[in-house]
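Fold and contact review
Residues per chain are reported as follows:
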Amino acid sequence: MATSNTKVVRLSFATEGGKTFTITIPNPREDLNQAEVLTVMNTIVSSNIFLTTSGALTGLRDVKVIGTVTDDLFDPPQA
């Protein structure tokens, strides 16, 4: 039985088709700040490197750092 903590940063973008495209990146730096993230997101949009099913990325929607704590209550015996 163990407890694990994980974090991801979730970058959400608007698309030409009016939908949301999300990129999830594991293990973000602890000192990550808004200015850095917004700079990277704007670079992604202006570089036009992703083409989604609803078209190219057109703008920024949201940024979240999400932390998850998992308590493993049972480990089955290994055979």
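The rules behind each value
Residues numbered from 1 in each chain as written. Predicted model: local features only at pLDDT ≥ 70, side-chain atom pairs only at ≥ 80, totals over all residues. Heavy atoms only, no water. Helix = DSSP H or I, 4+ residues; strand = E, 2+ residues; numbered from the N terminus. Rg over C-alpha atoms; globule rule 2.2 N^0.38 Å. Buried < 20%, exposed > 50% of the residue type's maximum accessible area, 1.4 Å probe, protein only. Contact = heavy atoms within 4.5 Å. Phe/Tyr/Trp six-rings, centres within 6.5 Å; stacked < 30°, edge-to-face > 60°.

1. With respect to the overall build of the chain
Within the chain, the regular secondary structure consists of one helix and four strands. Taken from N to C terminus, the helices and strands of the chain fall in the order β-β-α-β-β. The globule rule puts the C-alpha radius of gyration for 79 residues at 12 Å, and the 17 Å found for the chain is more than 25% above it. Considered along the principal axes of its C-alpha atoms, the chain spans approximately 50 × 30 × 20 Å. Burial analysis of the chain (79 residues in total) assigns 23% to the buried set.

2. Side note on the environment of Phe13
Here Phe13 is to be found in strand 1 (residues 2-15). In the structure, Phe13 is positioned 29 residues away from Asn42 in sequence and 9.7 Å away in space, judged by C-alpha atoms.

3. Brief notes about the side chain of Ser54
Relative to the helices and strands, Ser54 is located in the loop between strand 3 (51-52) and strand 4 (55-72). A relative accessible area of 17% means that Ser54 is categorised as buried. When neighbours within four sequence positions are excluded, Ser54 is seen to be in contact with Thr15, Glu16, Gly17 and Lys19.

4. Observations concerning the packing of aromatic side chains
The tally for this structure, following the rule as stated, stands at one aromatic pair. When the centroid spacing of 5.5 Å and the interplanar angle of 45 degrees are considered together, the rings of Phe21 and Phe50 count as tilted. Of the two residues, Phe21 sits in strand 2 (residues 20-26) while Phe50 sits in the loop between helix 1 (34-47) and strand 3, which places them 29 residues apart along the sequence. Take Phe21: its relative accessible area is 22%, and that puts it in the partly exposed class. Among the residues examined, Phe50 registers a relative accessible area of 31% and is labelled partly exposed.

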